[in-house]
Amino acid sequence: MTIRDVVFPPGRQALYDKNRYSPAVRANGFLFVSGQVGSRDDGSPAPGLEDQVRRAFENLNAVLAAAGCRFDDVVDVTVFIVEPQSTFERIWAVAQEYWGQAPYPNVTAVGVTWLYGFDVEIKVIARLPHA
């Protein structure tokens, strides 16, 4: 039986244990990162859309860093958005603060009706630098 090579960012393992999922798993030269939301350290949503987006990217970057990656290593991004018609432009404006320079990763944006009290969730696949 193969054991998953799980990556935990510092200080948040209790939240992942409580919710029973892994923040990221290394496999075949890639890092598969679970969707990251704009949660504060206690798991509650950051107040306001822009703060949630920033916090989601900070949480994402913490997971990437724990695996020795950076956002530049990301090859695939999926963004889940509640009410995309009214929030996409605001979310995308903040995302550019974290996005880096070209060449950019590919991206898929998906409108959803519910994200457990959050407005946005970001899921990525990154290439492990040492692979």
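It should be emphasised that the depicted structure is a prediction, and the values quoted were computed from it without experimental measurement. (Residues numbered from 1 in each chain as written. Predicted model: local features only at pLDDT ≥ 70, side-chain atom pairs only at ≥ 80, totals over all residues. Heavy atoms only, no water.)

Caption draft 1: Quick look at the overall build of the protein. Helix and strand content of the protein: three helices and six strands. Tracing the protein from N to C terminus, the helices and strands come up as β-α-β-β-α-β-α-β-β. Since a compact globule built from 131 residues should have a radius of gyration of about 14 Å, the 14 Å found for the protein is in line with a globular shape. Expressed along its principal axes, the backbone C-alpha trace of the protein runs to roughly 45 × 35 × 25 Å. Here the protein holds 131 residues, and 36% of them are scored as buried. Looking at the protein alone, contacts between residues at least 24 apart form 69% of all its contacts between residues at least 6 apart. If you sum the accessible surface of the protein, you get close to 7,500 Å²; carbon and sulfur atoms cover 52% of it. (Helix = DSSP H or I, 4+ residues; strand = E, 2+ residues; numbered from the N terminus. Rg over C-alpha atoms; globule rule 2.2 N^0.38 Å. Buried < 20%, exposed > 50% of the residue type's maximum accessible area, 1.4 Å probe, protein only. Contact = heavy atoms within 4.5 Å. Areas by Shrake-Rupley, 256 points an atom, 1.4 Å probe, with all protein chains shown as cover.)

Caption draft 2: The arrangement of the pattern of salt bridges in detail. All chains considered together, the criterion is met by six salt bridges. Among the salt bridges present, the one from Arg54 reaches Glu97, with a minimum N-O distance of 2.9 Å. Of this pair, Arg54 sits in helix 2 (residues 49-66) while Glu97 sits in helix 3 (residues 84-99), and the two are 43 residues apart along the sequence. Here Glu97 falls in the partly exposed class, since its relative accessible area comes to 48%. Among the salt bridges present, the one from Asp72 reaches Arg70, with a minimum N-O distance of 3.3 Å. (Salt bridge = Lys/Arg side-chain N within 4 Å of Asp/Glu carboxyl O.)

Caption draft 3: The sheet that holds strand 5 (residues 106-112), seen in detail. Taken together, six strands build an open sheet; the order of strands is 1-2-3-6-4-5 and the sheet is mixed. Sheet topology places strand 1 (5-7) and strand 5 at the edges, where each strand pairs with a single neighbour. The mean angle between the axes of side-by-side strands here comes to 20°, regardless of whether they run parallel or antiparallel. Most of the contacts of helix 2 go to strand 3 (residues 30-37), to which it runs at about 155°, and overall it touches strand 1, strand 2 (24-27), strand 3, strand 4 (74-82) and strand 6 (120-127). Of the strands in this sheet, strand 4, strand 5 and strand 6 are in contact with helix 3, which crosses strand 4 at around 145°. (Pairing = 2+ DSSP bridges. Axes fitted to C-alpha atoms, helices over the stretch in contact; angles between N-to-C directions.)

Caption draft 4: Up close: the nonpolar core. Counting residues in hydrophobic clusters, the biggest one holds 28 residues, and the most contacted among them are Leu31 and Leu64. Going through the elements one at a time, strand 3, helix 2, strand 4, helix 3 and strand 6 are the ones with two or more residues in this core. Broken down by element, the residue count for this core peaks at seven residues, all from helix 2. With near-sequence residues (within four places) excluded, Leu64 lies in contact with Leu31, Val33, Cys69, Arg70, Phe71, Val74, Val124 and Ala126. (Core = buried A, V, L, I, M, F, W, Y, C linked by side-chain atoms within 4.5 Å.)

Caption draft 5: A look at the pairing of strand 6. In strand 6, alternate side chains face the same way, and those of Val120, Ile122, Val124 and Ala126 are buried while those of Glu121, Lys123, Ile125 and Arg127 on the opposite face are not. Pairing analysis gives six bridges linking strand 3 to strand 6, with the strands arranged antiparallel. Opposite Val33, over in strand 6, you have Val124 as the bridge partner. In the sheet, strand 4 pairs with strand 6 via seven bridges, with the strands oriented antiparallel. Within strand 6, the position partnered with Phe80 by the bridge is Glu121.

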